[in-house]
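So the chains spell out like this:
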Amino acid sequence: MLPDNSKSHTRRKFINKVSAVALGSMLFGSYANARQDKKREVMNTKRTAGKLGIALVGLGKYSGGQLAPALQETEHCFLAGIVTGTPEKAKDWKSKYDIPDGNIYNYENFASIKDNPAIDIIYVVLPNALHAEYVIKAAAAGKHVICEKPMAINVEECDRMIDACKKTGVMLSIGYRLHFEPHTQEMIRLSKDKVVGKVKKIIAKDGMSKVEGWRLNKALAGGGPLMDVGIYCVQGACYVSGMDPIAVKAKEGPKTKPEMFRDIEQSLSWEMEFPDGTIAACESSYAEDMNLLHVDAEKGWFELSPAYSYRGITGKTSEGKIDLPGVTQQAGQMDDFAMAIKDKRATPVPGEMGRRDLKILMAIYKAMDSGQRVEIS
Ligand code: NDP
C-alpha cells in the first residue's frame, strides 16, 4: 500500500496530466474557434463583398417570411442589420443570419445607425402609420430608404418623407415588388404594344378572408383592405394603362362582422377613370380571397390570376398561356434598388409613385364616404 504522500503525488501527477490535457484542449479549442471565426469572416466577406448592407426595421411576418429569405439570394445587397423592439427576435435573427451585435438596433437607439458604415439602406417594414416617422429618421441618419406599401397613411406624410430624403440626398423607394416580376412586365408590354388592340377595360380584385392585429386598427393601418391589398389593384390599373387616373367613384361593401371592422371598411368596390376613357373596375375585401388583374382590349384579353402573390403568378391571354418563370420578386426589387444607388440612377418605384398612390387611395375613400365622383388633380 502506498504511503499517503505518494498517493497525493500520484493525484498531483494525475491532476497535472488532466490539466495538460485540459490546457491542450483549451488551446486547441481556442485555435479551432479562431479558425472557425476566421472561416466565418472569410465566408462573410465573400458573401457581402461589393454588396450594400440592408437593415430591416420591424421583424414581423413580411420581414421574416419574405425579405430575409430573399436577402439570401440577392447579388447586390445583403442582410447587414436589424431594428426590432423585441429582444427575443434580435437573439433569433442574430444566430439565424449571423448578424453582428453592432448591427442590431431597437427603436430607442435607432438614430445611432448613422454612425454605422455597414448599413447603407434602411428598409421600413412597420405598420403603415409608422412608415413616415422611420423613413424620416432613416433619411436623417443619411441612409437610403425602402419603405413598404402603402407609403404612408396620407399624402401630407408622403410629402414630408420625400422632402426629408431630398434634403439629405438619399434615395427613397417603395416596396412595389411586382415591378420586378416577369408576368407583370408582360402585362405591361401587352398593353403598351397593343398586342390585342388598345386597352378598353381593366378589372382588378385583391382580397383576403383572414386578417388580424394592427390591420384592423385604423390608427395604425390608415384604413382597411383598400390600404393593405386594394393598393395592388390601384397599382395594377396604373401600370397596365400606363396612365394616372383622373377621377374615381367608390362604394363601401356590407359589413358582415361590424364588431371587427368598427372604423375601417370590410370591403369596397371602386372605379378609376383614365384620361383616354379607359375604366378600371376594382374590388378589395377582408371577407373574401380574390386575386385578379384582367384586361379587355379591342381584339382580345389578357390576365393574371393570381396576379399579386409572392409565388405562382399565372397568366393567359385570348391567344394562349403566358409562359414565364417565377422569380423571387423581393430579391429583384432589393437588388434593383442597390444597383440604382451604385449606378446613381433613378429607381422605377420611387417615393413619388407611393405618393401618387396615396393620392388615389385618399380620393377613393372620399368618393366612398361622399357617394360622389371625385376628381384627382
Ligand atoms: P407584422 O404585424 O407581421 O409585423 C410588423 C412588425 O412591426 C412587428 O412584428 C414589430 O416588429 C413591428 N412593430 C413596431 N411597432 C409596432 C406596433 N405598434 N404594432 C405592431 N407591430 C409593430 O406586419 P407585416 O410584416 O405583415 O407588415 C409590415 C409592413 O409591410 C406593412 O406596411 C405592410 O403593408 C407591408 N407588407 C408588404 C407586403 C408586400 O408584399 N410588399 C406584404 C406584407 C406586408 P418588432 O417586434 O421587430 O419590433
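Fair warning: this is a prediction, and the values are worked out from it, not measured in the lab.

## Notes on the overall build of the protein chain
Part 1: Within the protein chain, the secondary structure is distributed over 10 helices and 15 strands.
Part 2: For the protein chain, the proportion of its 377 residues judged to be buried stands at 50%.
Part 3: For the protein chain, the proportion of contacts with a sequence separation of at least 24, taken over those separated by at least 6, is 70%.
Part 4: In the form shown here, the protein chain has an accessible surface area of approximately 18,500 Å², with 55% of it arising from carbon and sulfur atoms.

## Considering the sheet that holds strand S1 (residues 52-57)
Part 1: Ordered in space as S3-S2-S1-S4-S5-S6, the six strands form an open sheet in which the pairing is parallel. Each of the sheet's edge strands pairs with one partner strand only, and the pair in question is strand S3 (104-105) and strand S6 (172-174).
Part 2: Strand direction decides the pairing type here: S1 and strand S2 (residues 77-83), joined by six bridges, are parallel. Bridge assignment links Gly53 to a residue of S2, and that residue is Phe78.
Part 3: Set on the sheet, helix H3 (residues 87-97) makes contact with S1, S2 and S3; between it and S2 the angle comes to about 160 degrees.

## Concerning the environment of Met151
Part 1: By the element assignment, Met151 lies in the loop between strand S5 (144-147) and helix H5 (155-168).
Part 2: The residues contacting Met151, other than those within four sequence positions of it, are His131, Cys158, Met161, Ile162, Leu172, Ile174, Gly351, Gly354, Arg355 and Leu358.

## Describing the packing of helix H2 (residues 61-70) against helix H9 (residues 329-343)
Part 1: Across the interface, H2 lies against H9 with an axial gap of 8 Å and an inter-helix angle of 65 degrees. The chirality of how H2 crosses H9 is right-handed. Facing Tyr62, Gln66, Leu67 and Ala70 of H2, the residues of H9 in contact are Gln330, Ala331 and Met334.
Part 2: Among the residues forming the contact of H2 with H9, the class breakdown is five nonpolar, two polar and no charged.

## A look at the site of the ligand
Part 1: The environment of the ligand is formed by 25 residues, the closest being Thr84, Thr86, Lys89, Tyr107 and Arg177.
Part 2: Backbone polar atom of Leu59 to an oxygen atom of the ligand: 2.8 Å apart, as the coordinates give it.
Part 3: In the environment of the ligand, an oxygen atom lies 2.9 Å from a nitrogen or oxygen atom belonging to the side chain of Arg215.
Part 4: Taken by itself the ligand offers 890 Å² of open surface, and the protein chains cover 81% of this.
Part 5: When each cavity is represented as a set of grid points, the ligand is found to reside in the largest pocket.
Part 6: For the shell around the ligand, the secondary-structure elements that each account for two or more residues are H2 and helix H8 (225-241).
Part 7: Residues that form the shell around the ligand fall into these classes: 10 nonpolar, eight polar and seven charged.
Part 8: The two domains that each donate at least three residues to the shell around the ligand are domain 2 (50-174) and domain 3 (178-375).

## Focus on the packing of aromatic side chains
Part 1: Summed over all chains, the structure comprises six aromatic pairs.
Part 2: Measuring from centroid to centroid gives 5.3 Å for Phe110 and Tyr134, while their planes differ by 85 degrees, and the two rings are edge-to-face. Separated by 24 residues along the polypeptide, Phe110 in the loop between S3 and strand S4 (121-124) and Tyr134 in helix H4 (residues 131-140) bring together distant segments of the chain.
Part 3: Relative accessible area serves as the criterion here: at 1%, Phe110 is assigned to the buried category.
Part 4: For Tyr134, a relative accessible area of 7% corresponds to the buried category.
Part 5: Summarising the aromatic geometry, the rings of Tyr232 and Tyr308 are spaced 5.9 Å apart at their centres and angled 35 degrees between planes, so their arrangement reads as tilted. Of this pair, Tyr232 sits in helix H8 while Tyr308 is found in the loop between strand S12 (301-304) and strand S13 (315-317), placing the two residues 76 residues apart along the sequence.
Part 6: For Tyr308, a relative accessible area of 3% translates into the label buried.

## Overview of the nonpolar core
Part 1: In terms of nonpolar packing, the biggest core is built from 83 residues, with Leu172, Trp270, Met272, Leu293, Tyr308 and Ile364 touching the most fellow members.
Part 2: Setting aside anything within four residues of it in sequence, one finds Ile364 in contact with Leu226, Val234, Val248, Ala250, Leu268 and Trp270.
Part 3: Residues Ile104, Tyr123, Ile146 and Ile341 belong to the second largest nonpolar core, which totals 28 residues.

## Here we look at the sheet that holds strand S11 (residues 290-297)
Part 1: Taken together, the nine strands give an open sheet; going across it, the order is S14-S13-S12-S11-S7-S10-S9-S8-S15, and neighbouring strands pair in mixed fashion. Two strands in the sheet have a free side with no partner beyond their single neighbour: strand S14 (320-322) and strand S15 (374-375).
Part 2: The pairing of S11 with S12 spans four bridges and is classified as antiparallel. What sits directly across from Asp296, in S12, is Trp301.
Part 3: In the packing of helix H6 (residues 182-192) onto the sheet, contacts are made with strand S7 (199-207), S11, S12, S13 and S14, and the angle to S12 comes to roughly 160 degrees.

What counts, and where the lines are drawn
Residues numbered from 1 in each chain as written. Predicted model: local features only at pLDDT ≥ 70, side-chain atom pairs only at ≥ 80, totals over all residues. Heavy atoms only, no water. Helix = DSSP H or I, 4+ residues; strand = E, 2+ residues; numbered from the N terminus. Buried < 20%, exposed > 50% of the residue type's maximum accessible area, 1.4 Å probe, protein only. Contact = heavy atoms within 4.5 Å. Areas by Shrake-Rupley, 256 points an atom, 1.4 Å probe, with all protein chains shown as cover. Pairing = 2+ DSSP bridges. Axes fitted to C-alpha atoms, helices over the stretch in contact; angles between N-to-C directions. Left-handed = near helix turned anticlockwise from the far one by under 90°. Nonpolar A, V, L, I, M, F, W, Y, C, P; charged D, E, K, R; others polar. Near = heavy atom within 4 Å. Polar contact = N/O pair within 3.5 Å; in protein donor to acceptor, adjacent residues only side chain to side chain. 1 Å grid on protein atoms, 1.4 Å probe; cavity = no way out; pocket = protein on both sides within 12 Å on 5 of 7 lines; lining within 4 Å. Sits in = over half its atoms within 2 Å of the grid points. Domains from an automatic or database assignment. Phe/Tyr/Trp six-rings, centres within 6.5 Å; stacked < 30°, edge-to-face > 60°. Core = buried A, V, L, I, M, F, W, Y, C linked by side-chain atoms within 4.5 Å.

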